[in-house]
Structures are given as C-alpha cells and as structure tokens.
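Below, each chain spelled out in residue letters.
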Amino acid sequence: MKALSDLLSHDEMKETFQPPLVLFGSQTFLSDLFSEVTYRPNVTCNHVIDLSVSALKILPFGAVVGTEVCGARFVRYLVVSLGSPAETGEPTQLSPLHWAARLRSELITFGQMHDNWDSEGARAATPETVASANRILEALIAFSIKARLATYPSLTLLPDGAIRFEWINRDRELFLTILNNSIEAQRWKPLSALHSEYFEEIQFEQLQGEVSWLSA
Amino acid sequence: MAECVNSGAHVTDRTDSVFRFIHVGNTNGDGTLNSGSFSLRRDNAVSLGLASRIGARFEAFCELKPEQGVARLSVGSILDLTLGIHSDPEPEWGEFMDAHFVLCGYEHLSNRKKEEIGRRLRDIANGNIVKHPPQ
C-alpha cells in the first residue's frame, strides 16, 4: 500500500491538511498515531495541529511531527477523524480524510457481514474483496486530492458479495465494482442517461484514469 | 430467479405500486439509496411488496423487517424499463405472503444492462423513500 506521502508533494500535503485541525479519536488510536506524545491517562485527546510551521505541532502536548511522517500515518489510521475547530466541534466541510474515515469504517462493517445479510440470500464479501476495496480506497483518496474533487464516493455491498464505489461528480457518475481481485468500471454522462458510455474490467493501475474522467 | 416466462401472475396495472425493503448497507451517509438496493448482477430475486395487496396494513408490513427502510416505486416506472413483476408467494412474509412479488425479465441481459437498470431503479426509489432504515 502506498502512503499518502508517496503520492502527494509536501506542499500538497500541507494544502490538504488545512490548518487549524482538531483530531478526535480514542486514546489508543492517537497514542498509536503519535507515539512521540506521552499521553496522560484520563486526559481528553483532542489536539490542535499547527500547520503554519514546517512540521506539525501537536497541542497541548507540544510534540512536533514531520508533515510527511504524519501524512503517512493518517493513511494507516484513517479511523481518526479530522475536523475544524468550530464551536460545535463539527467539520464545516467533508475533507478527503473525513469521507475516507467513513468509508474505512463501512468496509470494516462489510467485512463482518455474513451470508444472507439482507435476509434475501445475499453473499458475504470475501476477505479478498474487502482487502481489494481497502487498497482501492487508499488510491482513491490520493487521486481525489490530486484532482481536487469536491465530491466523494459512497460504498455499497452487493448481493453477490461485490463491493461498489459509487461516485457522482457534477454531470458524471462512476461505478467501481470490486469482486475479489477484479475491478469493473462503468461511467454515465449525463446523470440522467440510462445507458452507460463505458463498461470495462480495469486494472488497479487504471484507477487514476477513472478519477480523472470523473473530474474532467 | 428472474424468469418471467412460465411463472406466476404478472402485475400489469401501471397505476399500482410496489414497496422495496432497503437495507442500511445500501444507503449513503445522507440517507439516500445506492444501487445495491436493486442489484441484478447475480440474477437474484428482487423482492417487492405489491401495494394493492398490502393496503392499509403498511405499518404491519414494515414490521416484517423493522431494521430496514422502505421505498415505493410505481409499477409503470418498472414496466417502462422492460422489466416485469410476477407473483412469488413467500411463506416467510406471513399474512403478506401473497403480496410478495419479484422483478423479472432481466435474466437475459448483459451485466452492463443490468447495472444500468439497477441504477435507474435506484434513482426512481430515491424520490420515494417512505421509511428510512434506522442508522
């Protein structure tokens, strides 16, 4: 799996993680994410990350972590949610890390579902399908950031155990359907079209092309 | 299965409608449905409840699958997609056994066409969600 820092430049990373940010997460996850920080038991683990400097400064603990190191860790631990420090504590806009965290969580749920999960005889997703979907999710995060897409995909589990990313952007819609190691891509434009303009089995390396089409 | 030939009675009244149970796994974060609700890929039977046979017992019908939501589609909109709806009594539906119907007429289609139709059914249903699945 590629780390975000392999796919984004340092400047792109800083642009993506617009300051100021607040990290919300369990102490277990945060201590795993930032092992440089000595966490005190029973202390709330919300941290402001100051991106105005070349490294990430974690408050109130004062630890400093390099942005590229931090970015790579975010990819591995997307269950940590990033939000703006608004009064409500709620994010004002869904960042790639927000939707990625949501989709990562959904994939975990899909992996735990058994046969007949819909009570209509649906098959469970195989571990191979879930692993492929996770790998594709990581790539979609990076490609989405690069393409500066304002929208994000949704996930669905299909009755044959396939997992699908559905992604609408402006007047285009893309399906990426994963079953074990195979990936099917299907495109519609405009959204009102019944018939798709493209339907192919693609390789992992072609994913970026699909996201580029979506963002065109 | 999805065979329309040599099967039970077909629904032809375009003014009637059908209910489709919606699993939470087939919804998006904003509560809308995704195409998983009507996936035809495996030629699996897509269960529907015929509104005219459910009548005023809708609340009781929902209790068949209380953990799921319900969307409503007009029969006409389904027939327009060259699909059929045929009777398939389901004992597990208890008092609603005879209200159980399934989609048919797509078994001969390519996967590409099946996905296109499933997506269109999603869009139709999204305009008629009667009950959202509990999150």
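Since the structure is predicted, the reported quantities are computational estimates derived from the model, not experimental observations. (Residues numbered from 1 in each chain as written. Chains lettered and ligands numbered in written order. Predicted model: local features only at pLDDT ≥ 70, side-chain atom pairs only at ≥ 80, totals over all residues. Heavy atoms only, no water.)

### Structural notes on the overall build of chain A
In plain terms, the rule: Strands are runs of DSSP state E lasting at least two residues, helices are runs of H or I lasting at least four, and both sets are numbered from the N terminus onward. Three labels apply to residues, based on accessible area from a 1.4 Å probe with only protein chains included: buried if under 20% of the type maximum, exposed if over 50%, partly exposed otherwise in between. In this analysis, two residues are considered to be in contact whenever any of their non-hydrogen atoms come within 4.5 Å of each other. Residue burial considers only the protein chains on display, and all accessible areas are found by Shrake-Rupley using a 1.4 Å probe.
Within chain A one finds seven helices and ten strands. Split into buried and exposed, the 216 residues of chain A put 49% on the buried side. Considering only contacts in chain A between residues 6 or more positions apart, those separated by 24 or more positions represent 52%. Carbon and sulfur atoms make up 51% of the accessible area of chain A, which amounts to about 10000 Å² in all.

### A closer look at the confidence of the model for chain A
Residues and elements named next belong to chain A. Note the following rule: Per-residue confidence from the predictor is given as pLDDT, running between 0 and 100.
When pLDDT is averaged across chain A, the result is 72; 56% of the residues are at 70 or more. Across chain A, strand 9 (residues 182-188) holds the top mean pLDDT of 98, while strand 5 (residues 81-83) sits lowest at 35. In this model, residues 72-93 is a region of pLDDT below 50 whose contacts with residues beyond four sequence positions or in other chains number 66 contacts.

### Re the pattern of salt bridges
Charged atoms that come close allow side chains of opposite charge to pair. The cut-off we apply is this: What makes a salt bridge here is a side-chain nitrogen of Lys or Arg within 4 Å of a carboxyl oxygen of Asp or Glu, nothing more.
The final tally for this structure, using the stated rule, is 17 salt bridges over all chains. The shortest N-O distance in the salt bridge between arginine 119 of chain B and glutamate 173 of chain A comes to 2.8 Å. With arginine 119 of chain B in helix 4 (residues 111-126) and glutamate 173 of chain A in strand 8 (residues 172-179), the pair connects residues from two separate chains. Neither arginine 119 of chain B nor glutamate 173 of chain A differs from the other in exposure class; each is buried. Residues arginine 41 of chain B and glutamate 184 of chain A are paired through a salt bridge, measuring 3.3 Å at the closest nitrogen-oxygen approach. One end of the pair, arginine 41 of chain B, is in the loop between strand 1 (17-22) and strand 2 (47-50); the other, glutamate 184 of chain A, is in strand 9, on a second chain. The class of glutamate 184 of chain A is buried, set by a relative accessible area of 17%.

### Overview of the side chain of arginine 187 of chain A
The topology assignment puts arginine 187 of chain A in strand 9. Judged by its relative accessible area of 14%, arginine 187 of chain A falls in the buried class.

### Description of the sheet that holds strand 6 (residues 154-157) of chain A
Our working definition: Think of it this way: DSSP has to see at least two bridges between two strands before they count as a pair. Note on method: axes are straight lines fitted to C-alpha atoms, helices fitted across the in-contact stretch only, with angles between N-to-C directions ranging 0 to 180 degrees.
Pairing within the open sheet is antiparallel, and its five strands lie in the order 6-7-8-9-10 (chain A). Every other strand in the sheet has two partners, leaving strand 6 and strand 10 (198-202) of chain A as the edge strands with one partner each. Neighbouring strand axes in the sheet, compared pairwise and without regard to direction, differ in orientation by 20 degrees on average. Helix 7 (residues 207-215) of chain A contacts strand 7 (163-169), strand 8, strand 9 and strand 10 of chain A of the sheet and is inclined by roughly 160 degrees relative to strand 8 of chain A. Each of strand 7, strand 8, strand 9 and strand 10 of chain A touches helix 4 of chain B; the most contacted strand, strand 9 of chain A, lies at about 60 degrees to it.

### Digging into the interface of chain B and chain A
Let me state the cut-off plainly: The term buried area refers to how much accessible surface (probe radius 1.4 Å) is lost by two components on association, counted for both of them together. Think of it as three bins: nonpolar holds Ala, Val, Leu, Ile, Met, Phe, Trp, Tyr, Cys and Pro, charged holds Asp, Glu, Lys and Arg, and polar takes everything else, Gly as well.
Counting residues at the interface gives 26 residues for chain B and 37 residues for chain A. Buried area between chain B and chain A, summed over both chains or domains, comes out near 2500 Å², and the portion from carbon and sulfur atoms is 40%. The greatest single-element share of the side of chain B that touches chain A, amounting to eight residues, is contributed by helix 4 of chain B. Among the residues forming the side of chain B that touches chain A, the class breakdown is two nonpolar, 13 polar and eleven charged.

### A few points about the nonpolar core
For the record, the criterion: Here, the term nonpolar core denotes a set of buried Ala, Val, Leu, Ile, Met, Phe, Trp, Tyr and Cys residues that are joined through side-chain atoms within 4.5 Å.
With 34 residues, the main nonpolar core has Ile163, Phe165 and Leu176 of chain A as its most contacted residues. Counting only elements with at least two residues in this core, the list comes to helix 5 (96-112), helix 6 (127-147), strand 6, strand 7, strand 8, strand 9 and helix 7 of chain A. Here this core takes nine residues from helix 6 of chain A, the largest share from any one element. For phenylalanine 165 of chain A, the residues in contact, after removing those within four places along its chain, are Leu103, Ala133, Ile136, Leu137, Leu140, Pro153, Ser154, Leu155, Leu174, Phe175, Leu176 and Ile178 of chain A. Residues Val11, Val18, Ile22 and Ala71 of chain B belong to the second largest nonpolar core, which totals 23 residues.

### Describing the packing of aromatic side chains
A ring pair, where both rings are aromatic, is described by two values, the distance of the centres and the angle of the planes. Residue and element names in this part refer to chain A. The condition that has to hold: Pairing of aromatic rings covers Phe, Tyr and Trp, the last through its six-membered ring, and needs centres within 6.5 Å; plane angles under 30 degrees mean stacked, over 60 mean edge-to-face, and all others mean tilted.
As enumerated under the stated definition, the model contains ten aromatic pairs over all chains in all. Ring centres 5.9 Å apart and planes at 65 degrees place the aromatic pair tryptophan 99 and tryptophan 167 in the edge-to-face group. Highlighted residues: tryptophan 99 in helix 5 and tryptophan 167 in strand 7, separated in sequence by 68 residues. One exposure class covers both tryptophan 99 and tryptophan 167, and it is buried.

### Concerning the environment of histidine 100 of chain B
Residue and element names in this part refer to chain B. Of note, histidine 100 is situated in strand 5 (residues 100-104). Relative accessible area serves as the criterion here: at 2%, histidine 100 is assigned to the buried category. Put simply, histidine 100 and proline 89 are eleven residues apart on the chain and 5.4 Å apart in space, counted from C-alpha to C-alpha. Here histidine 100 is in contact with Ser47, Leu48, Ser87, Asp88, Pro89, Glu90 and Trp93, once residues within four sequence places are set aside.

### A short note on the sheet that holds strand 6 (residues 129-131) of chain B
All names here are of chain B. The antiparallel open sheet is built from six strands, whose spatial order is 4-5-2-1-3-6. Lying at the two open borders of the sheet, with one neighbouring strand each, are strand 4 (84-87) and strand 6. Strand-to-strand twist of the sheet, defined as the mean angle between neighbouring strand axes without regard to direction, takes the value 40 degrees. In this sheet, strand 2 lies alongside strand 1 in antiparallel orientation, the contact comprising two bridges. In the strand pairing of strand 2, valine 18 is matched with leucine 50. On top of the sheet, helix 4 reaches strand 3 (69-74), strand 5 and strand 6; it is set at about 105 degrees to strand 3, its chief contact.

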